[in-house]
Amino acid sequence: MTQQSGRKIGGPLLKVQGISLSFGGVKALSDVSFEIRQHEILAIIGPNGAGKSSMLNVINGFYHPQSGTVTYKGATRKQMQPHEAAEQGIARTFQNIALFKGMSTLDNIMSGRLLKMKVNFFLQALYWGPAQREEIAHREVVERIIDFLEIQAIRKTPVGKLPYGLQKRVELGRALAAEPDLLLLDEPMAGMNVEEKEDMCRFVLDVNEEFGTTIALIEHDMGVVMDISDRVVVLDYGRKIADGVPDEVRANKDVIDAYLGVSH
Amino acid sequence: MLYREAGQFKASYAADQAIFPIAQDRVLMAILLVVAAVVVPLTATQYLYTAILIPSLILALAAIGLNILTGYCGQVSLGTGGFMAVGAYTAYNLFIRVPELNLLLVLLAAGAMAALVGVIFGIPSLRIKGFYLAVATLAAQFFLDWVFARVPWLYNYSPSGSVGVPDLYVFGFPVITPTQRYLFILAIVALMALVAKNLVRSSVGRAWMAIRDMDIAAEIIGIRPLQTKLSAFAVSSFYAGVSGALWAFLHLKSWEPAAFDINRSFSLLFMIIIGGLGSILGSFIGAAFILLVPIFLNQVPPALGIPLSTATISHLEFMIFGALIIFFLIVEPHGLARLWQIGKEKLRLWPFPH
């Protein structure tokens, strides 16, 4: 692993402690604790059904765990609605793309800035003065993101018409538009070919390095995980079985057993 | 050849975000406004006003309202007729009880009251979607129909249940002849259409569309679903309320609750489906289309020497609307407005293939 220049991994930004989550009789997560440190890239890995996506859903308020706490920026909370998580600077992308299909790329990314747009309803209705200035100011920010992700050509295209790889990129753009402190990426490289994966890795690393954004990502491609992440958390059947730098995790016996199976 | 945007460079984001970024569209719109405001009043006949222009403008306003709710925010409503009735009866009661009130204020109050009622009936939308929400708004329609037929105070104890208004004045100017009424309605509808366009292209509109396209993702980026849906209900019902008041005061002049029954709600829904969901232009096209088809069926076959009875014509009307709705739902869910868009796209390149 190469340590990027220009960023310092700090103290914990988010800490989950003793999270247990079940749906009826199905235990999705049991007693999971780990932390996400400031400015790091944390990978959450594990076999299918290990509870990785559930973990992200707990962090941004979709699921409310039966027990355990989430401490974010020093404040502990038990339950929170997704829009509150957004207000506190947590943005995410989804495993199966959750874009607004009827809207253009530009509008999708602009919608990521909704929380930052303060002009009241009546001025918007007139599209006058402050309302227009605000639109243009945010458009400038969005254009920088469009440049960064190299999607200038599809600005005005409805996202429903875009190929899969570009949709993933637009979704990343929408998450970035919120200028998050913590970015949760749920399988950002799923279903991509090698070139697309390389592009996406570069974007993730650039975001981390340029904006100092803390990133937690779920990924199945071990090559990618070992290359770009600072630390790795491994889940299996809803339990945490390993937590450490990539080389440690790679050598961990439980992890090898979880992935390769073990003879009983 | 004429519709070509080559050479029109946008040097600022303001220019790129204009409602009509292409010069030819701006010219077309200006011509349309001049025709509507100057040429029509000089040439139109009484029949053209009362049978086509006035009703289609007023219904287009209600269709814009419904389109904001259904086309932009994705919440199906069958209660538009009821919200129009709220507007009409609010205006009526204000008019007879506070006669010195300016007509514009009466219209504003009609819209505000309809918005309030719309928000109340919109509350279930947080929990229920699609068909189930449609049924909840259907309940609003029936409830409001019942209120305006059964609460005597609301129709001023009129023995027949029907109410009416005398000649109207705004700022001392009469709004009596068809031309005067037409110009007054045109001004209001044009202004409110512009406001609707502004709303849907700014952050309010993006929040509505986000809720429509994927409510889970909308929540993730910080949109509050309840507030957003209720704001769509409020704006939509405001438009319906103003339109209802105009329909009652300036088109019907005397009316009873049946003027705003479930059929009105359905025909407005047909207008936005045929005209184009999620399109302000589509609301106008849809309203005009739904109004013109019956007139066309009434006048063209006799003129061609094909005798059709009135009953046959009204049956034909149902068949044509039914077929068209199915056609549009399957082939072009974005309606006539989308066909217009596609036409413009083709025209940009014509006569070249690429």
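Since we're looking at a predicted model, the values are computed, not measured.

**Q** Quick question: what am I supposed to make of the overall build of chain A here?
**A** The helix and strand tally for chain A stands at 10 helices and 10 strands. The C-alpha atoms of chain A give a radius of gyration of 19 Å, which matches the 18 Å a tight globule of 264 residues would have. In terms of principal-axis extent, the alpha carbons of chain A reach across some 70 × 40 × 35 Å. When each of the 264 residues of chain A is scored for burial, the buried share is 55%. Once local pairs closer than 6 in sequence are excluded, the contacts in chain A between residues at least 24 apart make up 68%. Counting only carbon and sulfur atoms, one obtains 52% of the accessible surface of chain A, whose full area is about 11400 Å². Averaging the locations of the 30 positively and 34 negatively charged side chains of chain A gives two centres separated by 5 Å.

**Q** Mind showing me how you'd approach the confidence of the model for chain A here?
**A** Low pLDDT marks regions whose predicted coordinates should not be analysed in detail. Residues and elements named next belong to chain A. Looking at chain A as a whole, its pLDDT mean stands at 90, while 97% of the residues score no less than 70. Summarising per-element confidence for chain A, the mean pLDDT is lowest in helix 10 (residues 253-260) (85) and highest in helix 3 (residues 105-111) (96). This stretch, residues 1-5, has a pLDDT under 50; its non-local contacts, to residues over four places away or in other chains, come to 8 contacts.

**Q** Looking at this model, I keep getting lost on the sheet that holds strand 10 (residues 239-244) of chain A. Mind explaining?
**A** What holds strands together in a sheet is hydrogen bonding between their backbones, with the strands either parallel or antiparallel. Residue and element names in this part refer to chain A. In spatial order, the strands read 6-7-8-3-9-10; together these 6 strands make up an open sheet with mixed pairing. The open sheet has two edge strands, strand 6 (90-93) and strand 10, and neither has a second partner. Taking each pair of neighbouring strands and ignoring which way they run, the sheet shows an average axis angle of 15°. As judged from the 5 bridges shared by strand 9 (residues 231-236) and strand 10, these two strands associate in the antiparallel manner. By the bridge assignment for strand 10, Val232 is matched with Gly244. Packing against the sheet, helix 1 (residues 52-59) makes contact with strand 3 (41-45), strand 6, strand 7 (182-186), strand 8 (214-218) and strand 9, and its axis sits at approximately 150° to strand 7.

**Q** Please clarify how the packing of helix 3 (residues 46-72) of chain B against helix 12 (residues 280-303) of chain B should be interpreted in this entry.
**A** A packed helix pair is summarised by two numbers, namely the angle formed by the two axes and the spacing between the axes. Residues and elements named next belong to chain B. Between helix 3 and helix 12, the shortest axis-to-axis distance is 7 Å and the interhelical angle comes to 140°. Regarding the angle of helix 3 to helix 12, the classification is oblique. Helix-helix and strand crossings are classified by hand; for helix 3 and helix 12 the assignment is right-handed. Together, Tyr47, Ala51, Ile52, Pro55, Ser56, Leu57, Leu59, Ala60, Ala63, Ile64, Asn67 and Tyr72 of helix 3 and Ile280, Ser283, Phe284, Ala287, Ala288, Leu291, Leu292, Ile295 and Gln299 of helix 12 make up the contact between the two elements. Grouping the amino acids of the contact of helix 3 with helix 12 by side-chain chemistry returns 17 nonpolar, 4 polar and no charged.

**Q** Even after reading the chapter, I still don't get the sheet that holds strand 1 (residues 12-23) of chain A, so can you show me in this structure?
**A** Residues and elements named next belong to chain A. Taken in spatial order, the 4 strands make up an open sheet running 2-1-4-5, and their pairing is antiparallel. Because the sheet does not close on itself, it has two edges, and the strands there are strand 2 (26-37) and strand 5 (75-77). Recorded for the sheet is a direction-independent mean angle of 20° between the axes of neighbouring strands. Pairing between strand 4 (residues 67-72) and strand 5: 3 bridges, direction antiparallel. Bridge pairing in strand 5 links Thr71 to Thr76.

**Q** Can you help me understand the nonpolar core in this one?
**A** Nonpolar side chains in soluble globular proteins tend to end up buried together. Counting residues in each nonpolar core, the largest one holds 108 residues, and the members touching the most others are B:Tyr182, B:Phe184, B:Trp208, B:Leu246, B:Phe249, B:Trp255 and B:Phe260. For this core, the element with the highest residue contribution is helix 3 of chain B, accounting for 15 residues. In contact with B:Phe184, other than residues within four places in its own chain, are B:Leu103, B:Leu104, B:Leu107, B:Val170, B:Val175, B:Leu246 and B:Leu250. Core analysis: the second largest hydrophobic core is formed by 34 residues, A:Met110, A:Phe148, A:Ala175 and A:Val224 among them.

**Q** Honestly, the domain arrangement of chain A in this entry has me stumped. Any pointers?
**A** Accessible area lost when the parts come together is the quantity often used to give the size of an interface. Residues and elements named next belong to chain A. For chain A, the assigned domains are domain 1 (1-89 + 180-264) and domain 2 (99-177). Between domain 1 and domain 2, the C-alpha centre-to-centre distance is 27 Å. Taking both sides of the interface into account, the surface hidden between domain 1 and domain 2 amounts to around 1200 Å²; carbon and sulfur atoms contribute 73%. At the surface where domain 1 touches domain 2, the tally comes to 1 salt bridge. With its nearest N and O atoms 3.4 Å apart, the salt bridge here joins Asp199 to Arg169. In this structure, the connection of domain 1 to domain 2 is made through 3 residue pairs in polar contact (both at pLDDT 80 or more).

**Q** Before we go on, may I ask you to explain the packing of aromatic side chains in this structure?
**A** The geometry of an aromatic ring pair is captured by the separation of the ring centres together with the interplanar angle, meaning the angle of the planes. All chains considered together, the criterion is met by 15 aromatic pairs over all chains. Ring plane angle 50° and centroid distance 5.2 Å describe the contact between B:Tyr49 and B:Tyr182, whose orientation is recorded as tilted. Taken together, the residues span a long stretch of sequence, with B:Tyr49 in helix 3 and B:Tyr182 in helix 7 (residues 178-201) at a distance of 133 residues. What makes B:Tyr182 buried here is its relative accessible area of 2%. Ring plane angle 85° and centroid distance 5.8 Å describe the contact between B:Tyr92 and B:Trp255, whose orientation is recorded as edge-to-face. In this pair, B:Tyr92 is assigned in helix 4 (residues 80-97) and B:Trp255 in strand 4 (residues 254-255), connecting sequence segments 163 residues apart. Each member of the pair, B:Tyr92 together with B:Trp255, is buried. Taken together, the ring pairs in this structure connect B:Tyr89, B:Tyr92, B:Phe95, B:Phe148, B:Phe249 and B:Trp255 into an aromatic cluster. The cationic tip of A:Arg174 hangs over the ring face of A:Phe100; the distance from NZ or CZ to the ring centre is 4.7 Å.

Conventions adopted
Residues numbered from 1 in each chain as written. Chains lettered and ligands numbered in written order. Predicted model: local features only at pLDDT ≥ 70, side-chain atom pairs only at ≥ 80, totals over all residues. Heavy atoms only, no water. Helix = DSSP H or I, 4+ residues; strand = E, 2+ residues; numbered from the N terminus. Rg over C-alpha atoms; globule rule 2.2 N^0.38 Å. Buried < 20%, exposed > 50% of the residue type's maximum accessible area, 1.4 Å probe, protein only. Contact = heavy atoms within 4.5 Å. Areas by Shrake-Rupley, 256 points an atom, 1.4 Å probe, with all protein chains shown as cover. Lys, Arg positive; Asp, Glu negative; His and termini not counted. Charge placed at Lys NZ, Arg CZ, Asp CG, Glu CD. pLDDT = per-residue confidence, 0-100. Pairing = 2+ DSSP bridges. Axes fitted to C-alpha atoms, helices over the stretch in contact; angles between N-to-C directions. Parallel < 35°, antiparallel > 145°, perpendicular 65-115°, else oblique. Left-handed = near helix turned anticlockwise from the far one by under 90°. Nonpolar A, V, L, I, M, F, W, Y, C, P; charged D, E, K, R; others polar. Core = buried A, V, L, I, M, F, W, Y, C linked by side-chain atoms within 4.5 Å. Domains from an automatic or database assignment. Buried area = accessible area lost by both parts, 1.4 Å probe. Salt bridge = Lys/Arg side-chain N within 4 Å of Asp/Glu carboxyl O. Polar contact = N/O pair within 3.5 Å; in protein donor to acceptor, adjacent residues only side chain to side chain. Phe/Tyr/Trp six-rings, centres within 6.5 Å; stacked < 30°, edge-to-face > 60°. Lys NZ or Arg CZ within 6 Å of the ring centre and 35° of its normal.

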